[in-house]
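One-letter residues, chain by chain:
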Amino acid sequence: MPCKVKVDTQLKKDILGFDKRTKGEIYQFLLALQNKPFPEFRELLDPEVPNAFSSQLDCGCFLSWEVSGELLDLLKTRDCLIRILGAAFTKP
């Protein structure tokens, strides 16, 4: 079962304001996160928060997210919630 991805309403509106290419890359990245919440090219947002990450897309946009759920469940069933924290052209 893929992980669930949650994007709050204001962030959705912000993303819809991006150009077509950026929106497409974000969409593809979110689809990939559902099945692989810890992609190879990621950075920790904060060393104090081990489950929050960011990654820069090819278009230059940074996407940040937080993975919540029990680690054992995540490893076995991929049952987790991915909360998108932000999308911007400046590093979080």
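In this text the structure is predicted, and so the values were computed from the model without any measurement. (Residues numbered from 1 in each chain as written. Predicted model: local features only at pLDDT ≥ 70, side-chain atom pairs only at ≥ 80, totals over all residues. Heavy atoms only, no water.)

1. Notes on the pattern of salt bridges
The line we're drawing: By definition here, a salt bridge exists when the distance from a side-chain nitrogen of Lys or Arg to a carboxyl oxygen of Asp or Glu is within 4 Å. Put simply, DSSP H or I for four residues or longer makes a helix, DSSP E for two residues or longer makes a strand, and each gets a number counted from the N terminus.
Tallying each qualifying case throughout the model produces three salt bridges. Note that Arg21 and Glu25 form a salt bridge whose closest N and O atoms lie 3.1 Å from each other. Taken together, the positions of Arg21 and Glu25, both in helix α2 (residues 20–35) and four residues apart, correspond to about one turn of that helix. Two residues, Glu43 and Lys91, come together in a salt bridge whose shortest N-O distance is 3.2 Å. Of the two residues, Glu43 is situated in strand β2 (residues 43–46) and Lys91 in the segment after β5 (81–88); the sequence distance between them amounts to 48 residues.

2. A word on the nonpolar core
This is how it is decided: Working definition of a nonpolar core: buried Ala, Val, Leu, Ile, Met, Phe, Trp, Tyr and Cys residues. They are joined through side-chain atoms within 4.5 Å. Each residue is assigned to one of three classes by its accessible area relative to the maximum for its type, calculated with a 1.4 Å probe on protein chains only: buried under 20%, partly exposed between the two thresholds, exposed over 50%. Residue contacts are counted whenever heavy atoms from the two residues lie within 4.5 Å of one another.
Of all hydrophobic cores here, the largest spans 20 residues; its most connected members are Ile26, Trp65, Ile82, Ile84 and Ala87. Mapped by element, the contributors of at least two residues to this core are α1 (9–16), α2, β4 (62–68) and β5. At four residues, the largest contribution of residues to this core is made by α2. The residues contacting Ile82, other than those within four sequence positions of it, are Cys3, Lys4, Val5, Lys6, Leu33, Gln34, Pro37, Trp65, Glu66 and Val67.

3. Notes on the confidence of the model for the protein
The line we're drawing: Per-residue confidence from the prediction method is given by pLDDT, with values spanning 0 to 100.
The predicted model of the protein has a mean per-residue pLDDT of 88, with 89% of residues at 70 or higher. Per-element mean pLDDT across the protein ranges from 58 in helix α3 (residues 71–77) up to 96 in α1.

4. Some points on the pairing of β2
We apply this condition: Think of it this way: DSSP has to see at least two bridges between two strands before they count as a pair.
Where β2 meets strand β3 (residues 49–56), three bridges bridge the pair, whose relative direction is antiparallel. Counterpart to Glu43 in the pairing with β3 is Ser54. In this antiparallel pair of consecutive strands, β2 and β3, the connection spans two residues.

5. A few points about the sheet that holds β3
Within a beta sheet, neighbouring strands are joined by backbone hydrogen bonds and run either parallel or antiparallel to one another. To keep things clear, this is the line we draw: Note on geometry: axes are C-alpha line fits, over the in-contact stretch for helices, and angles between N-to-C directions span 0 to 180 degrees.
Ordered in space as β1-β5-β4-β3-β2, the five strands form an open sheet in which the pairing is mixed. The two strands at the open ends of the sheet, each matched to only one other strand, are β1 (4–6) and β2. Recorded for the sheet is a direction-independent mean angle of 35° between the axes of neighbouring strands.

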